[in-house]
Amino acid sequence: MNALFNILMKKKYYIIVLFVVVIVIVIGSITMRQKTSSPVDHFYLPDDLFVMTFDYDKEFGGLEDELRLVVYLDSIHCSTCLINRMNTWLKVVEYIEEYNDKVSLIMVFSPPPRLIDNFMYELSHNPLDYPLFVDTGYHIQPLNEECINRFHSFIGLINKSDSVLVWGNPLIDKDVWNKYKITIDKY
């Protein structure tokens, strides 16, 4: 009887260990799926975005390129704060310029009307010599209501059909940045 009890206890521990392993695997796969999949299938850009090019001397396809890395913050975010941190995007811009014929960086700002003068002043002192877009008509929000209402922002790689290929901030996550590079290299 003691031997049978010991065998059952060992099996119980095996079952408990197996159960814990299965739980860890399931939680890990859910976390990975959340980290790598986009919360939206598409992200749409209106045709009437105001573009500021400053002295950009390279050909810029912009909205017509095969791939577009879109960085959008709605008016809830501090647009001037983002402008002041534009230099953090330099490595992304340098990489994208290598593929200038098929990918562009679309940085879209949507400042509130009462702050447009301050925003334009800050934008004129932008350290990043790259075209920037301003959604003065606030058309992005209704086109992408699900995403904007949920996150108040969007950073992702979209194709010509506006399908989201990669989602996430490449500045804060190396894995996401690698996914951007792999996807761009495939095109």
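Above this text is the structure in question.
Residues numbered from 1 in each chain as written. Predicted model: local features only at pLDDT ≥ 70, side-chain atom pairs only at ≥ 80, totals over all residues. Heavy atoms only, no water.

Draft legend 1. Region of interest: the pattern of salt bridges. On inspection of all chains with the given rule, the structure shows one salt bridge. Where Asp 162 meets Arg 68, a salt bridge forms, and the shortest distance between an N and an O atom there is 3.1 Å. Pair noted here: Asp 162 is in the loop between strand 5 (153–159) and strand 6 (164–167) and Arg 68 is in strand 2 (residues 67–73), with a separation of 94 residues, a long-range link. As far as burial versus exposure is concerned, Asp 162 and Arg 68 are alike and both buried. (Salt bridge = Lys/Arg side-chain N within 4 Å of Asp/Glu carboxyl O. Helix = DSSP H or I, 4+ residues; strand = E, 2+ residues; numbered from the N terminus. Buried < 20%, exposed > 50% of the residue type's maximum accessible area, 1.4 Å probe, protein only.)

Draft legend 2. Examining the sheet that holds strand 2 more closely. Across the sheet, six strands lie side by side as 1-4-3-2-5-6; this open sheet has mixed pairing. Sheet topology places strand 1 (50–52) and strand 6 at the edges, where each strand pairs with a single neighbour. The mean inter-strand angle of the sheet, taken between neighbouring strand axes irrespective of direction, is 30°. Relative to strand 5, strand 2 runs antiparallel, the two sharing seven bridges. (Pairing = 2+ DSSP bridges. Axes fitted to C-alpha atoms, helices over the stretch in contact; angles between N-to-C directions.)

Draft legend 3. Focus on the packing of aromatic side chains. Across all of its chains, the model carries three aromatic pairs by this definition. Aromatic side chains Phe 43 and Tyr 72 sit 6.2 Å apart centroid to centroid with 45° between the ring planes, which places their arrangement in the tilted category. Placement of the pair is Phe 43 in the loop between helix 1 (2–36) and strand 1 and Tyr 72 in strand 2, with a sequence separation of 29 residues. Comparing Phe 43 with Tyr 72, the two get one shared label, buried. Between Tyr 95 and Trp 177 the ring centres are 5.4 Å apart and the planes differ by 75°, which places this aromatic pair in the edge-to-face class. Note that Tyr 95 is positioned in helix 3 (residues 90–98) and Trp 177 in helix 7 (residues 174–186), a separation of 82 residues in sequence. With respect to burial, Tyr 95 and Trp 177 carry one shared label: buried. One aromatic cluster is present, built from ring pairs that chain together Phe 43, Tyr 72 and Phe 154. (Phe/Tyr/Trp six-rings, centres within 6.5 Å; stacked < 30°, edge-to-face > 60°.)

Draft legend 4. A look at helix 7. Between its terminal C-alpha atoms helix 7 stretches 18 Å, which fits the 18 Å expected from 13 residues at 1.5 Å a residue. For helix 7, the set of buried residues is Val 176, Trp 177, Tyr 180, Thr 183 and Ile 184. Burial along helix 7 is one-sided: seen end-on, the buried residues are contained in an arc of 125°. Among the exposed residues of helix 7, those pointing more than 90 degrees away from its buried face are Lys 174 and Lys 186. Residues of helix 7 that are buried sit in contact with strand 2, helix 3, strand 3 (103–109), strand 5 and strand 6. For helix 7, the side-chain oxygen to backbone nitrogen distance between the N-cap and Asp 175 is 3.0 Å, and the N-cap itself is Asp 173. (Expected span 1.5 Å × (residues − 1). Arc of directions from axis to C-beta. Contact = heavy atoms within 4.5 Å. Polar contact = N/O pair within 3.5 Å; in protein donor to acceptor, adjacent residues only side chain to side chain.)

Draft legend 5. Quick peek at the nonpolar core. In terms of nonpolar packing, the biggest core is built from 30 residues, with Leu 69, Trp 89, Leu 105, Met 107, Phe 109, Leu 157 and Tyr 180 touching the most fellow members. Where this core is concerned, the elements lending two or more residues are strand 2, helix 2 (79–84), helix 3, strand 3, helix 4 (116–124), strand 4 (132–134), strand 5 and helix 7. Filtering out sequence-adjacent residues up to four positions away, Leu 157 remains in contact with Leu 67, Arg 68, Leu 69, Val 103, Ser 163, Val 164, Leu 165, Val 166, Tyr 180, Thr 183 and Ile 184. The next biggest cluster of nonpolar side chains, apart from the first, holds 15 residues, and it includes Phe 43, Ile 106, Cys 147 and Phe 154. (Core = buried A, V, L, I, M, F, W, Y, C linked by side-chain atoms within 4.5 Å.)

Draft legend 6. Here's a closer look at the pairing of strand 3. Taken across its seven residues, strand 3 has seven buried, putting it largely inside the fold. Residues Val 103, Leu 105, Met 107 and Phe 109 line one face of strand 3 and the alternating positions Ser 104, Ile 106 and Val 108 line the opposite face, and both faces are buried. Summarising the sheet, strand 2 and strand 3 pair through seven bridges and their orientation is parallel. The residue of strand 3 that forms the bridge with Leu 67 is Val 103.

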